[in-house]
Amino acid sequence: CHVCAIKDAWQSSKETLLWFHNILTCFDREPPINNDFTSLYEFFRDGVAFACVLFWLGGSNGVPERGLPSVDLSRLYVSRNRLRLRHIRSNIRYVFELLRDAGVELIWTCDEFLSFPDDDFFMLQLQNIKKQFCFSEGFAKGSSGNRTFTSRSIFFFHTTLFIHF
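These numbers come from a predicted model, not from an experiment.

A. The packing of aromatic side chains, seen in detail. Counted by the stated rule, this structure contains 13 aromatic pairs. Relative to F55, the ring of F27 has its centre 6.4 Å away and its plane inclined at 70 degrees; by these criteria the two rings are edge-to-face. Taken together, the residues F27 in the loop between α2 (13-24) and α3 (37-44) and F55 in helix α4 (residues 48-58) connect sequence positions 28 residues apart. Judged by its relative accessible area of 4%, F27 is buried. In this structure F55 comes out as buried when scored by relative accessible area, which is 4%. Centroid distance W108 to F122: 6.5 Å. Interplanar angle 35 degrees. Geometry classified as tilted. One end of the pair, W108, is in the loop between α5 (85-101) and α6 (110-115); the other, F122, is in helix α7 (residues 119-133), with 14 residues separating them in the sequence. Members of the aromatic cluster, joined through ring pairs, are W19, F20, Y41, F43, F44, F50, F96, W108, F113 and F122.

What counts as what
- Residues numbered from 1 in each chain as written.
- Predicted model: local features only at pLDDT ≥ 70, side-chain atom pairs only at ≥ 80, totals over all residues.
- Heavy atoms only, no water.
- Phe/Tyr/Trp six-rings, centres within 6.5 Å; stacked < 30°, edge-to-face > 60°.
- Helix = DSSP H or I, 4+ residues; strand = E, 2+ residues; numbered from the N terminus.
- Buried < 20%, exposed > 50% of the residue type's maximum accessible area, 1.4 Å probe, protein only.

So this is what it looks like as structure tokens:
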């Protein structure tokens, strides 16, 4: 039942948010961990943070035996300013495709995610992602060298569509 799943997601929300926080700080992207879930949704809305998590876990080659897809960060639109909706939609479609390929249960379609933000469903989606990959964390950390160095070499430019390695 969705009500029970949502209740469980909120009960483990601090642990879930800490898991995301620990990964995303490697990319100099710190999710807002407070009671303002609107800002949390806005942080993840453009898809870049989701892609960073997937990249941190599986890198550009993926780890097929662990169900981790390869992540092509060059497919993302990134900007210091707000992105246009078509760029955000492109990012979310790509990230949702990766998550679906990795076996993550998606709560929304791309358009629902962008049009109907909901704190309960958002927390449930974050928990579903963490559940799918939480045991892969140690494997990924030890398997591909210095992931922090790789992730810190991503440069975000003022304009859209630039990610360099």
